[in-house]
Amino acid sequence: MAIPKTLNQGLDRIVRPTIDWRSRSLSAFQVCGVTGLALAILLAMGLVSARGLSPWVMAAIVGVAVGTFFVVAFATKIVRGEEQLVYYHHEIAVMSMAALALWVLRQPVLAYLDATILGVGLFLACGRVGCFMVGCCHGRPHHWGVCYGQDHARAGFPSYLVGVRLFPIQLLETLLAMTIVAAS
């Protein structure tokens, strides 16, 4: 089985909890998140422009979405005592607050929410790549997949799973999210 062995080795070489850039070590998860945010904004702005909607309204929705994301993250950290990002909590909060803001601004709610949810989907896809890179939200042990190392354990990956080949569910979810966004 040459393909799975080659695939396994390739996946093992890709994953890393940090990305070195300009003599700085950056969290791979955060780099993927910022990249996802930038791509989501570009997509949402492009969609509203193509539909003849206001980019200024979409910019306001982006602000509401980013603010909501951080409020939910901080509130969760205060309540639970630890940082924990749960995608669906954030998605529900972002979409609810975006709808409320659009209603308050007397804008066509559904038209802007269409662009917003596709941006959120693209953000999810990039975020799942970040999860893959750092080892969070991992799959189950499998004969092909990725092995995380000691550098991941030092960054918070469960040490008992170091060296255990895990199904890369994060990449499958990335492909699924990208397919849904592209098909929409």
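A brief report on the enclosed structure follows. (Residues numbered from 1 in each chain as written. Predicted model: local features only at pLDDT ≥ 70, side-chain atom pairs only at ≥ 80, totals over all residues. Heavy atoms only, no water.)

### What about the overall build of the chain?
Alright, step 1. Along its length, the chain carries seven helices and four strands.
Alright, step 2. Once the C-alpha set of the chain is aligned to its principal axes, its extents read approximately 55 × 40 × 35 Å.
Alright, step 3. For the chain, buried positions account for 36% of its 184 residues.
Alright, step 4. The contacts in the chain between residues at least 6 apart in sequence include a share of 62% that link residues at least 24 apart.
Alright, step 5. Distance between charge centroids for the chain: 3 Å, based on 13 positive and 8 negative side chains. (Helix = DSSP H or I, 4+ residues; strand = E, 2+ residues; numbered from the N terminus. Buried < 20%, exposed > 50% of the residue type's maximum accessible area, 1.4 Å probe, protein only. Contact = heavy atoms within 4.5 Å. Lys, Arg positive; Asp, Glu negative; His and termini not counted. Charge placed at Lys NZ, Arg CZ, Asp CG, Glu CD.)

### Here's the deal with the pairing of strand 2 (residues 24-27)
Here is the key point about a regular strand: its side chains alternate between the two faces of the sheet.
Alright, step 1. Across four bridges, the pairing between strand 1 (residues 18-21) and strand 2 is antiparallel. Within strand 2, the position partnered with isoleucine 19 by the bridge is leucine 26.
Alright, step 2. Hairpin remark: strand 1 followed by strand 2, antiparallel, with two residues in the connecting loop; positive phi at arginine 22, about 50 degrees. (Pairing = 2+ DSSP bridges.)

### Regarding the pattern of salt bridges
Any two side chains of opposite charge can pair if their charged atoms end up close together.
Alright, step 1. One pass over the structure, following the stated rule, counts three salt bridges.
Alright, step 2. Linking arginine 165 and aspartate 12 is a salt bridge whose minimum nitrogen-to-oxygen distance equals 3.1 Å. Of the two residues, arginine 165 is situated in strand 4 (residues 165-166) and aspartate 12 in helix 1 (residues 2-14); the sequence distance between them amounts to 153 residues. (Salt bridge = Lys/Arg side-chain N within 4 Å of Asp/Glu carboxyl O.)

### A word on the side chain of arginine 128
Alright, step 1. Structurally, the position occupied by arginine 128 is in helix 5 (residues 109-134).
Alright, step 2. Arginine 128 sits in the buried class, given a relative accessible area of 8%.

### Digging into the packing of aromatic side chains
Alright, step 1. According to the stated counting rule, one finds six aromatic pairs in the structure shown.
Alright, step 2. Geometrically, the ring pair formed by phenylalanine 69 and phenylalanine 70 is edge-to-face, given 5.5 Å between the ring centres and 90 degrees between the ring planes.
Alright, step 3. Classification of phenylalanine 70 by relative accessible area gives partly exposed; the value is 43%.
Alright, step 4. Considering the side-chain rings of phenylalanine 69 and phenylalanine 123, the 5.9 Å spacing of their centres and the 85 degrees angle between planes classify their relative orientation as edge-to-face. One end of the pair, phenylalanine 69, is in helix 3 (residues 55-80); the other, phenylalanine 123, is in helix 5, and 54 residues separate them in sequence. (Phe/Tyr/Trp six-rings, centres within 6.5 Å; stacked < 30°, edge-to-face > 60°.)

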